[in-house]
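Letter by letter, the chains look like this.
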Amino acid sequence: MHNELKITDMQTLESSKKTIEESINPVSLDLPDFTTDSYKDAYSRINAIVIEGEQEAHDNYISIATLIPNELEELTKLARMEMKHKKGFTACGRNLGVVADMEFAKKFFSKLHGNFQVALEKGNLTTCLLIQAILIEAFAISAYNVYIRVADPFAKKITEGVVKDEYLHLNYGQEWLKENLATCKEELMEANKVNLPLIKKMLDEVADDASVLAMDKEELMEEFMIAYQDTLMEIGLDNREIARMAMAAIV
Ligand code: PL3
Ligand code: FE2
Ligand code: FE2
């Protein structure tokens with residue numbers, strides 16, 4: 001009886017100590033172990049996706065400049081930022097001792113990449129901007145915002161710098177589409193119908209690996225929808241049009 005009481009007291013002490021620790025530092029306790037094989041295995045694919053994504057974003061802005069030659073200088077600036085992002089994320093992988101699975105990442109982007117190339121060949125600027133500057137950037141923003149909360153300190157710092165740039169990129173697409181809304185609305189809607197489901201599929205595909213990195217799928221979707229809907233609103237679409245566009249993700 002006497003002994004039992006003691007154990008109970010100890011447990012109470014332990015659990016109240018934990019509560020205090022948690023309230024002082026609620027985030028760091030949830031961080032994953034960055035050194036495990038399972039973390040590194042998932043990271044080899046996620047890191048590759050991000051590296052490939054940054055490279056393709058660079059290439060896409062250079063391509064878009066061929067369709068708007070008077071924007072060459074601005075678009076070259078955006079493209080340069082993407083190369084810097086690629087370098088940053090490459091360093092994140094190296095820092096954890098992970099080799100990025102680039103073959104996987106190329107496949108991951110192939111459908112969206114193909115659609116961008118077709119639009120580029122046809123000179124469909126609206127579609128190119130929707131794919132790169134709205135959908136891919138909003139996807140990146142959602143991923144990076146969630147990742148920042150659970151990243152290792154080295155990657156956290158790099159990702160915080162990157163995500164600021166991605167908002168500029170999203171804004172670039174937003175402003176062009178806003179100015180040209182009268183003439184590009186129909187193409188915007190059509191391109192969205194084709195490409196938003198691809199983004200949803202990509203998110204589904206990456207969800208298991210992301211969860212190993214302590215990134216929650218619901219949170220990713222939520223962050224994506226915030227960036228996506230905000231942008232459509234700024235472009236000048238009304239609630240009904242935005243709802244209609246967002247619905248393309250669930251069919
Ligand atoms: C645009 O500037 C870059 C495009 C990159 C797209 C990245 C999508 C990433 C989805 C994977 C979620 C995990 C993020 C973890 C960050 C290391
Ligand atoms: Fe980027
Ligand atoms: Fe970007």
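Above this text is the structure in question.
Note that the structure is predicted; figures quoted are calculated from it, not measured.

Parameters and conventions
Residues numbered from 1 in each chain as written. Chains lettered and ligands numbered in written order. Predicted model: local features only at pLDDT ≥ 70, side-chain atom pairs only at ≥ 80, totals over all residues. Heavy atoms only, no water. Helix = DSSP H or I, 4+ residues; strand = E, 2+ residues; numbered from the N terminus. Expected span 1.5 Å × (residues − 1). Buried < 20%, exposed > 50% of the residue type's maximum accessible area, 1.4 Å probe, protein only. Donors = N, O, S within 2.8 Å, 3.2 Å for Na, K, Ca; no water. Tetrahedral: all angles 85-135°; square planar, octahedral: opposite > 155°, others 65-115°. Axes fitted to C-alpha atoms, helices over the stretch in contact; angles between N-to-C directions. Parallel < 35°, antiparallel > 145°, perpendicular 65-115°, else oblique. Contact = heavy atoms within 4.5 Å. Nonpolar A, V, L, I, M, F, W, Y, C, P; charged D, E, K, R; others polar.

Colleague: What is the right way to look at helix α3 (residues 72-95) in this model?
Modeller: Two residues of an α-helix separated by three or four positions point the same way, owing to the 3.6 residues in each turn. If you check α3, its first and last C-alpha atoms are 35 Å apart, about what 24 residues at 1.5 Å a residue would give, namely 34 Å. Taken together, the buried positions of α3 are Leu75, Leu78, Ala79, Glu82, His85, Gly88, Phe89, Ala91, Cys92 and Gly93. Phi for glycine 97, located one or two positions after α3, is positive at around 75 degrees.

Colleague: Could you clarify how one ought to interpret the coordination of the iron ion (ligand 3) in this entry?
Modeller: For a metal with four tetrahedral donors the ideal donor-metal-donor angle is 109.5 degrees, while six octahedral donors give ideal angles of 90 or 180 degrees. Donor atoms from the polypeptide that coordinate the iron ion (ligand 3) comprise Glu82 (OE), Glu137 (OE), Glu137 (OE), Glu166 (OE) and His169 (ND1), at 2.0 to 2.4 Å from the metal. Of note is the iron ion (ligand 3), whose six donor atoms meet at the metal with angles of 56 to 157 degrees in an arrangement that counts as irregular. Look at where the donors of the iron ion (ligand 3) fall in the sequence and you get E-x54-E-x28-E-x2-H. A separation of 3.2 Å is found between the iron ion (ligand 3) and the iron ion (ligand 2), which share glutamate 82 as a coordinating residue. Remark: histidine 169 occurs in helix α6 (residues 153-179) and glutamate 137 occurs in helix α5 (residues 125-150); sequence separation between them is 32 residues. In terms of burial, glutamate 137 and histidine 169 fall into one category: buried.

Colleague: Please clarify how the packing of helix α7 (residues 181-212) against helix α9 (residues 239-247) should be interpreted in this entry.
Modeller: Running from N to C, α7 and α9 point in directions that differ by 30 degrees, and their axes come no closer than 8 Å. As summarised for this structure, α7 and α9 are arranged roughly parallel, according to the angle between their axes. Residues Lys185, Leu188, Met189, Asn192 and Leu196 of α7 form the contact with α9, whose own contacting residues are Glu241, Met245 and Ala246. Of the residues contributing to the contact of α7 with α9, the split by class is five nonpolar, one polar and two charged.

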